[in-house]
Amino acid sequence: MAQFGKASAKRSKPSYFMAILGVTIVLFFVGVFGWLLLNASRYTEELKEDIKLQVYLRRSATQADVDTLMQYIKSRPYTKTVEFIDKETAKKQWMEKGETDFQELLDENPLPASIDFNLKNAYVQKDTIAAIKADLEQRQLVIESVKYPAFVVEKMGSSVRAGLIVFAALAALFCILSIVLIDNTIRLAMYSNRFLIKTMQMVGATRGFIARPLNMRAVLNGLIAALVAIGLIYGLMMLSEYFLPYLGDLRDNSKVAILFGFLIVLGISITLFSTYRSVVKYLKMKLDELY
């Protein structure tokens, strides 16, 4: 009996290798998709945080008024960065855009000083920015007007929502397909062990005794597959960032760590579940049905 078990175990080793390889490939593609999703999410956040609100100041505004307004804007939860643009800086920015030098027509600089600030991505929404603008414009003695690219904000909001819906749908579909593929891979690997499982049952082994070593092997296989997939994904990330350096700026290490943790949990959970399900299936089958 022991020799039969050892022979069966030896014959099952190639199946374990193929199971690990199959799970690794699936987890690799899941991880790559997750990495692309994280990059797309981060890129969207940066695009939203590039939206700038310009608060143009009245000529009569004193330095004390400007300082008070700057402090107020800085204290708001929606503010990411804030910068004071004096008249000379505004003129320099005007000239850098290739605009006509107004000094040929005017004796003084007509451009007003302003306070420019960027919003945190969660606040870059049409209604939210409109409310922020209305709040600032109440300070009419200091503020002349508040400008921002309203058309860009409106279009960005609808585009981001549509993109997120599409990505979420693709992510859900890809996860379901991945689970099905892993399950089928494990079931094929367990097929070579069906006679060993049935023989152990026939000599009186309990379900727990039969399933325990196979479950432990499933956990090990899932862990190995996940670690190999993570190594390949990390290598792909480093290679991509070497040729495309801006991808490094998009990388959020904490979210990448969560993604890798998810791959480990997914690899172990699916292999363990599929292995146990296969064991129960073969235990319930009659001996003639195994052929």
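Rules of the game
Sequence order sets the numbering: in each chain, residues are counted from 1 along the sequence as written. The predicted nature of this model means local features are confined to residues of pLDDT at least 70 and side-chain atom pairs, given and counted, to a pLDDT of 80 or more, with totals for whole chains, interfaces and linings taken over all residues. As a rule here, side-chain values cover all heavy atoms of the structure and leave hydrogens and water aside. UniProt positions are given in the numbering used here, feature names are shortened, and annotations may be inferred rather than shown by experiment. Helical segments are the DSSP runs of H or I of at least four residues, strand segments are the runs of E of at least two, and each set is numbered from the N terminus. Relative accessible area decides the class of each residue, using a 1.4 Å probe on protein chains only: under 20% of the type maximum gives buried, over 50% gives exposed, and in between gives partly exposed. Definition of a polar contact: a pair of N or O atoms within 3.5 Å, with one able to donate and the other able to accept a hydrogen when the atoms are protein atoms, and with sequence-neighbouring residues admitted only if both atoms are side-chain atoms. We call two residues contacting when some pair of their heavy atoms lies within 4.5 Å. Side-chain atoms within 4.5 Å are what join buried Ala, Val, Leu, Ile, Met, Phe, Trp, Tyr and Cys residues into a set we call a nonpolar core. To be clear, the arc concerns the directions from the helix axis to the C-beta atoms. In this analysis, strands are considered paired if DSSP registers two or more bridges between them. Axis geometry follows a simple rule: fit a line to the C-alpha atoms, using only the stretch in contact for helices, then measure angles between N-to-C directions, giving values from 0 to 180 degrees.

Caption draft 1: Expanded view of the UniProt feature "transmembrane region" (unreviewed entry) in the protein. UniProt's entry tags residues 16-38, 162-182, 218-237 and 257-276 with the feature "transmembrane region" (unreviewed entry), counted in the numbering of this structure. When the span residues 162-182 is considered, its composition is 100% helix and 0% strand, and the gap between its end C-alpha atoms is 30 Å. The distance separating the terminal C-alpha atoms of residues 218-237 is 28 Å; by composition the span is 100% helix and 0% strand.

Caption draft 2: Representation of the side chain of Ser-240. Tracing the backbone shows Ser-240 in helix H7 (residues 207-243). Owing to a relative accessible area of 16%, Ser-240 belongs among the buried residues under this scheme. Among the polar contacts made by the side chain of Ser-240, one reaches the main-chain carbonyl oxygen of Leu-236 at a distance of 2.8 Å. Setting aside chain neighbours within four positions, we find Ser-240 in contact with Trp-35 and Leu-247.

Caption draft 3: Inspection of the nonpolar core at higher detail. Ranked by internal contacts, the top residues of the largest apolar core, which has 25 residues, are Val-55, Leu-69, Phe-117 and Leu-136. Counting residues per element, the ones that place at least two in this core are strand E1 (52-57), helix H2 (63-75), strand E3 (114-119), helix H4 (126-136), strand E4 (143-147) and helix H5 (150-191). At five residues, H2 tops the list of elements feeding residues into this core. Counting 22 residues, the second-largest nonpolar core is a separate cluster that includes Leu-27, Val-32, Ile-230 and Leu-263.

Caption draft 4: Highlighting H4. Along H4, the positions that sit buried rather than exposed are Ile-129, Ile-132 and Leu-136. Across the axial projection of H4, the buried residues extend over an arc of 55°, all falling on one side.

Caption draft 5: Main features of the side chain of Thr-79. By the element assignment, Thr-79 lies in strand E2 (residues 79-85). A distance of 2.5 Å separates the side chain of Thr-79 from the backbone oxygen of Ile-73, its partner in a polar contact. Look past the residues within four positions of Thr-79 in its chain and what remains in contact with it is Ile-73, Lys-74, Phe-117, Asn-118 and Lys-120.

Caption draft 6: Quick look at the sheet that holds E2. Strand order in this open sheet of four strands is E2-E3-E1-E4, and the pairing throughout is antiparallel. Lying at the two open borders of the sheet, with one neighbouring strand each, are E2 and E4. Strand-to-strand twist across the sheet, computed as the mean angle between neighbouring axes with direction ignored, equals 20°. The pairing of E1 with E4 spans four bridges and is antiparallel. Considered in E4, the bridge of Val-55 is made with Val-146. Contacting E1, E2, E3 and E4, H2 crosses the sheet at an angle of about 165° to E2.

Caption draft 7: Fine view of the environment of Met-70. By secondary structure assignment, the location of Met-70 is in helix H2. Linking Met-70 and Ile-115, residues 45 residues apart in sequence, is a C-alpha distance of 7.3 Å. Residues in contact with Met-70, not counting those within four places in the same chain, are Val-82, Glu-83, Phe-84 and Ile-115.

Caption draft 8: How the structure looks around the pairing of E3. A large share of E3 lies buried, amounting to six of its six residues. Here E3 shows two buried faces, one formed by Ser-114, Asp-116 and Asn-118 and the other by Ile-115, Phe-117 and Leu-119. Strand direction decides the pairing type here: E1 and E3, joined by five bridges, are antiparallel. Looking at the pairing, Tyr-56 lines up with Ser-114 of E3. Relative to E3, E2 runs antiparallel, the two being bridged by six bridges.

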